[in-house]
Amino acid sequence: MSPEKPKKPGARGRAGDDRPIGVFDSGVGGLTVLSSIAELLPKENLMYLGDTARVPYGTKSAETINAYALETAEFFAARGVKAMVIACNTASAMALPMLRERFSMPILGVVEPGAAAAAKQTVNGRVGVIGTEATMASGAYPQALLSVNPEIEIFTRACPLFVPLAEEGWVDNDVARRVVARYLSSLKASGVDTLVLGCTHYPLLGEAIGRYLGENVDIIDSAAATARALRTALRRDGLLKPRGRGEASFFVTDVPDRFMRLGTRFYGESVSSAVRVVLRGAEGFAGNNVAG
Ligand code: DGL
């Protein structure tokens, strides 16, 4: 018999499990993913952490993003979550393998589910992917798409201005429409029939993007695909919460006011309280409740 391996944090499974699921993003954008999870898994308790003090991640290096993601995962592990979702595309693209090495609980990113959904959807085999500069530079989406179907032709474009537009609420005005056209004209010309929204913020611009590309292009929102992948993983490991209505709690690393104000638009319902926390790497965290 092989010697028993030391258990990594989170290595605890049981049939039916009330522990929360940790959902992480660089800021407010991941609330689009949280919303999809809450809709599909309404019994689950959800714990959301937005790293609002350090957003954006999309312009930062892999080294920095990995360090931030590890601090967040340790925050969740210290709070006893049963699974984690890296709702941030940039952090998923960079940090997922490193996190899976260190924690044995199910950890899902948004890249693999989004890519798998796109690979399934495309008919002509031409798929577009848009996201932050860091996500595009990582090559994570092309890699995930090609691992499902090596024949797929992939066309990518970083669209950094979509993030501030979504946060400003300028999602379908003349400025938004011009930026959409400017970023997506080459993708449109390339004849893609499927486009992956590879950034938490982009679903808010989904209508303007869809209208510009036309009805022959299917838009894939990674959030819904990720929620389905999470349900599959929890079911497989006997971790689904069997009964009762779940609750969501919110944590941020900067003062919560802006997060709560913008949160409603991204989450689809009001975010009435958020707790500011200080991430302390391997030491865990210290929390101070400054809003409620
Ligand atoms: N959450 C990020 C993503 O999905 C967008 C915002 C940022 O750059 O941090 O890639």
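Residues numbered from 1 in each chain as written. Predicted model: local features only at pLDDT ≥ 70, side-chain atom pairs only at ≥ 80, totals over all residues. Heavy atoms only, no water.

## Digging into the site of the ligand
Inspection of the region around the ligand gives 13 residues, with Asp25, Ser26, Tyr57, Gly58 and Thr90 positioned closest. Ser26 is positioned such that a nitrogen or oxygen atom in its side chain is 2.6 Å from an oxygen atom of the ligand. Here an oxygen atom of the ligand sits 3.0 Å away from a polar atom, N or O, in the main chain of Asn89. In isolation the ligand has 300 Å² of accessible area, and contact with the protein removes 98% of it. (Near = heavy atom within 4 Å. Polar contact = N/O pair within 3.5 Å; in protein donor to acceptor, adjacent residues only side chain to side chain. Areas by Shrake-Rupley, 256 points an atom, 1.4 Å probe, with all protein chains shown as cover.)

## A look at the pairing of strand E8 (residues 218-221)
When strand E7 (residues 194-198) meets E8, the two strands line up parallel, connected through four bridges. Note on E8: the bridge partner recorded for Leu197 is Asp221. (Pairing = 2+ DSSP bridges. Helix = DSSP H or I, 4+ residues; strand = E, 2+ residues; numbered from the N terminus.)

## Thoughts on the pattern of salt bridges
On inspection of all chains with the given rule, the structure shows 10 salt bridges. In this structure, Asp17 engages Arg19 in a salt bridge whose closest nitrogen and oxygen atoms are separated by 2.7 Å. Across the pair, exposure class does not vary: Asp17 and Arg19 are buried alike. Where Asp172 meets Arg177, a salt bridge forms, and the shortest distance between an N and an O atom there is 3.5 Å. By relative accessible area, Asp172 is classed as partly exposed at 29%. Arg177 sits in the partly exposed class, given a relative accessible area of 40%. (Salt bridge = Lys/Arg side-chain N within 4 Å of Asp/Glu carboxyl O. Buried < 20%, exposed > 50% of the residue type's maximum accessible area, 1.4 Å probe, protein only.)

## Let's talk about the packing of helix H4 (residues 111-121) against helix H6 (residues 140-148)
H6 packs onto H4 with a crossing angle of 50 degrees between their chain directions and a minimal axis gap of 9 Å. Classed by the angle they form, the pair H4 and H6 counts as oblique. As H4 runs across H6, the sense of the crossing is right-handed. Here Val111, Ala115, Ala116, Ala118 and Ala119 of H4 come into contact with H6, specifically with Ala140, Tyr141, Ala144, Leu145 and Val148. Looking at side-chain class alone, the contact of H4 with H6 contains 10 nonpolar, no polar and no charged residues. (Axes fitted to C-alpha atoms, helices over the stretch in contact; angles between N-to-C directions. Parallel < 35°, antiparallel > 145°, perpendicular 65-115°, else oblique. Left-handed = near helix turned anticlockwise from the far one by under 90°. Contact = heavy atoms within 4.5 Å. Nonpolar A, V, L, I, M, F, W, Y, C, P; charged D, E, K, R; others polar.)

## A look at empty space enclosed by the protein
Per the stated rule, a full pass over the model turns up one cavity of 30 Å³ or more. Space inside the largest cavity adds up to approximately 50 Å³. Lining the largest cavity, in full, are Thr32, Val33, Asn89, Val110, Leu197, Cys199, Thr200, Pro203, Asp221, Ser222 and Ala223. For the lining of the largest cavity, the elements supplying multiple residues, two or more each, are helix H1 (31-40) and helix H10 (222-236). (1 Å grid on protein atoms, 1.4 Å probe; cavity = no way out; pocket = protein on both sides within 12 Å on 5 of 7 lines; lining within 4 Å. Points joined across faces, edges and corners; volume = space filled by probe spheres on them.)

## Description of the sheet that holds E7
Pairing within the open sheet is parallel, and its four strands lie in the order E6-E5-E7-E8. Sheet topology places strand E6 (153-158) and E8 at the edges, where each strand pairs with a single neighbour. Taken pair by pair, the neighbouring strands of this sheet meet at an average axis angle of 20 degrees, ignoring direction. Of the strands in this sheet, E7 and E8 are in contact with H10, which crosses E8 at around 50 degrees.

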